[in-house]
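# Report on the structure
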Amino acid sequence: VVRTANYHKIECVGVRGGYTGLIEGNFTKMGPRSVSNIINLGGTILRSARSKEFRTEEGRQKAFEQCQKNGIDALVCIGGDGTFTGAKIFAEEFGVKVIGVPGTIDNDIYGTDFTIGYDTALNTAMEAIDKIRDTATSHNRVFFIEVMGRDAGFIALNSGIASGALDILIPEKKDSLEDLFETFEKAQKRGKTSSIVIVAEGERLASTYELAEQTKQKFPDYDIRVSILGHIQRGGAPSCADRVLASRMG
């Protein structure tokens, strides 16, 4: 974004700390050199923050006054659902021009095929599952692996397919314990001694630990383990696909 703005001779400032920074006027002038050597980094050099104040009319009024005071006539908001919701309301209330750049590992922004961060998170999850599979196979264990995705099963679905999971549980689909147990029984008949089940964190049937517990009750002979991949999926060097996507969007 900074380099495109520079190419078109548009003055560009960075807002530190998301909407909190917008309210507080935490601005920094940005030119081509301020974004050098960051394409290979995860995270954000501008930092991010959830802003309760921006959810209030008074907070947004302060943010608009900061924009006026600093000659900011348009915003590029990079983020997920919360960022976009805030940007939409801000634009409607004050007529500020807004461009949204979808950046969220959950890949759950309507109207875009892929969001920045999704491919990297997906590959991170896949690599972790591959590593866990070595233990599962060696020790004849059943692993329930929880991946991120509060309301969206994209990471679970695709990392599960890519790593040959026995079953994948996602929030978009109505899952049942009966179906899960039937899958295990079929695998047993095929002589399968180790299994991996991928669970999205937003799975509505039960928590990953509860699913493992109930499976243990049904199949007492199984050696069952739970692994929560957690925030490891949200960091690290971005994949080639994410670097190119971010550059094109910029």
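Please refer to the structure placed before this passage.
Each chain has its residues counted from 1, following the order in which its sequence is written. Totals for whole chains, interfaces and linings use all residues, but because this is a predicted model, local features are given only for residues with pLDDT of at least 70 and pairs of side-chain atoms are given and counted only at 80 or more. Side-chain numbers here rest on the full set of heavy atoms in the structure, without hydrogens or water.

### A short note on the overall build of the protein
Segments assigned H or I by DSSP are reported as helices when at least four residues long, segments assigned E as strands when at least two residues long, and all are numbered from the N terminus. Helix and strand content of the protein: 9 helices and 8 strands. On the principal axes, the C-alpha backbone points of the protein span a range of 70 × 35 × 25 Å. Burial classes follow relative accessibility: with a 1.4 Å probe on protein chains only, a residue under 20% of its type's maximum area counts as buried, one over 50% as exposed, and anything between as partly exposed. For the protein, buried positions account for 41% of its 250 residues. Whether two residues are in contact is decided by their heavy atoms: any pair within 4.5 Å suffices. Partitioning the intrachain contacts of the protein with sequence separation of at least 6 by distance along the chain shows that 68% fall at a separation of at least 24. For the purpose of charge, His is not counted, nor are the chain termini; Lys and Arg are scored as positive and Asp and Glu as negative. In this description, the location of a charge corresponds to atom NZ of lysine, CZ of arginine, CG of aspartate or CD of glutamate. Positive and negative charge centroids in the protein, built from 31 and 33 side chains respectively, lie 6 Å apart.

### Focus: a nonpolar patch on the surface
Patches were defined on residues exceeding 30% relative accessible area and lacking a salt bridge, with like-charge contacts within 9 Å and nonpolar side-chain contacts (Val, Leu, Ile, Met, Phe, Trp, Tyr) within 5 Å. All accessibility values rest on the Shrake-Rupley procedure with a 1.4 Å probe; residue burial counts only the protein chains present in the view. Any Lys or Arg side-chain nitrogen found within 4 Å of a carboxyl oxygen on Asp or Glu counts as a salt bridge. Together, Val 1, Val 76, Ile 78 and Ile 99 line one region of the surface with nonpolar side chains, adding up to about 350 Å² of accessible area. By the secondary structure assignment, Ile 99 is in strand S4 (residues 97-102). You can call Ile 99 exposed: its relative accessible area is 52%.

### Considerations on the state of the cysteines
Think of a disulfide as a covalent bridge from one cysteine sulfur atom to another cysteine sulfur atom. Disulfide assignment relies on a single distance test, namely cysteine sulfur atoms paired within 2.5 Å. A full pass over the atoms with the stated rule returns 0 disulfides. Distance from the sulfur of Cys 67, which forms no disulfide, to the nearest cysteine sulfur (Cys 77) is 9.4 Å. Assessed through its relative accessible area of 1%, Cys 67 is described here as buried.

### Here's the deal with the packing of helix H7 (residues 177-189) against helix H8 (residues 208-218)
When two helices pack together, their arrangement is given by the angle between the helix axes and by the axis-to-axis distance. Axis definition: a line fitted to C-alpha atoms, over the contacting stretch in the case of helices. Angles run 0 to 180 degrees between N-to-C directions. Where H7 meets H8, the closest approach of the two axes is 11 Å, and the angle between their N-to-C directions is 55 degrees. Considering their axes alone, H7 and H8 lie oblique with respect to each other. Regarding H7 and H8, the two cross each other, and that crossing is right-handed. Here Leu 177, Leu 180, Phe 181, Phe 184 and Glu 185 of H7 lie close against H8, whose contacting residues are Leu 211, Gln 214, Thr 215 and Lys 218. Note on terminology: angles under 35 degrees are roughly parallel, angles over 145 are roughly antiparallel, angles of 65 to 115 are roughly perpendicular, and the others are oblique. Crossing handedness is defined as follows: a turn of the near helix away from the far one that is anticlockwise and smaller than a right angle gives a left-handed crossing, while the clockwise case is right-handed.

### Some remarks on the pattern of salt bridges
Enumeration over the complete set of coordinates arrives at 11 salt bridges. Note that Glu 53 and Lys 62 form a salt bridge whose closest N and O atoms lie 2.6 Å from each other. According to the relative accessible area criterion, Glu 53 is partly exposed, its value standing at 35%. Between Lys 218 and Glu 185 there is a salt bridge whose closest N-O contact spans 3.9 Å. With Lys 218 in helix H8 and Glu 185 in helix H7, the pair connects residues that are 33 residues apart, well separated along the chain.

### Details of the packing of aromatic side chains
Two aromatic rings, drawn from Phe, Tyr or Trp (for Trp, its six-membered ring), form a pair once their centres lie within 6.5 Å of each other, and the interplanar angle then sorts them: stacked below 30 degrees, edge-to-face above 60, tilted otherwise. According to the stated counting rule, one finds 11 aromatic pairs in the structure shown. Considering the side-chain rings of Phe 54 and Phe 90, the 5.4 Å spacing of their centres and the 55 degrees angle between planes classify their relative orientation as tilted. Pair noted here: Phe 54 is in the loop between strand S2 (27-29) and helix H3 (57-69) and Phe 90 is in helix H4 (residues 81-94), with a separation of 36 residues, a long-range link. As far as burial versus exposure is concerned, Phe 54 and Phe 90 are alike and both buried. With a centroid separation of 5.8 Å and 80 degrees between ring planes, the pair formed by Phe 181 and Phe 219 is classed as edge-to-face.

### Observations concerning the environment of Leu 205
In this structure, Leu 205 sits in the loop between strand S7 (195-200) and H8. C-alpha of Leu 205 to C-alpha of Leu 46: the two residues are 159 residues apart in sequence and 38 Å apart in space. If near-sequence neighbours (up to four positions away) are discounted, Leu 205 is found in contact with Asp 175, Ser 176, Leu 177 and Leu 211.

### Observations regarding unusual backbone geometry
At Arg 47, a position not held by glycine, the phi torsion is positive, near 65 degrees. Accessibility expressed as a relative area gives 59% for Arg 47, which makes it exposed.

### Observations regarding the layout of surface pockets
Here the second largest pocket is characterised by a volume of approximately 160 Å³. Both cavities and pockets are sets of points on a 1 Å grid over the protein atoms alone; in a cavity a 1.4 Å probe fits but cannot get out, in a pocket the set is open with protein on both sides within 12 Å along at least five of seven lines, and lining residues sit with an atom within 4 Å of a point. Together, Asn 140, Val 142, Phe 184, Ala 187, Gln 188, Lys 192, Thr 193, Ser 195, Asp 221, Tyr 222 and Asp 223 line the second largest pocket. Among the elements that take part in the lining of the second largest pocket, H7 stands out by supplying 3 residues, more than any other. Grid points are joined across faces, edges and corners, and a volume is the space filled by probe spheres set on the points.

### Observations concerning the nonpolar core
Note on terminology: a nonpolar core comprises buried Ala, Val, Leu, Ile, Met, Phe, Trp, Tyr and Cys residues joined through side-chain atoms within 4.5 Å. In this structure, Ile 145, Val 147, Ile 155, Ala 156, Ile 196, Ile 198 and Leu 229 are the most contacted members of the largest nonpolar core, which totals 22 residues. Of all the secondary-structure elements, those providing two or more residues to this core are helix H5 (118-139), strand S5 (141-147), helix H6 (154-162) and S7. In terms of residue count, the dominant contributor to this core is H5 (8 residues). Those residues in contact with Ile 196 that sit more than four places away from it in its chain are Ile 129, Arg 133, Phe 143, Ile 145, Ala 165, Leu 166 and Asp 167. The next biggest cluster of nonpolar side chains, apart from the first, holds 16 residues, and it includes Val 142, Leu 180, Val 199 and Ala 206.

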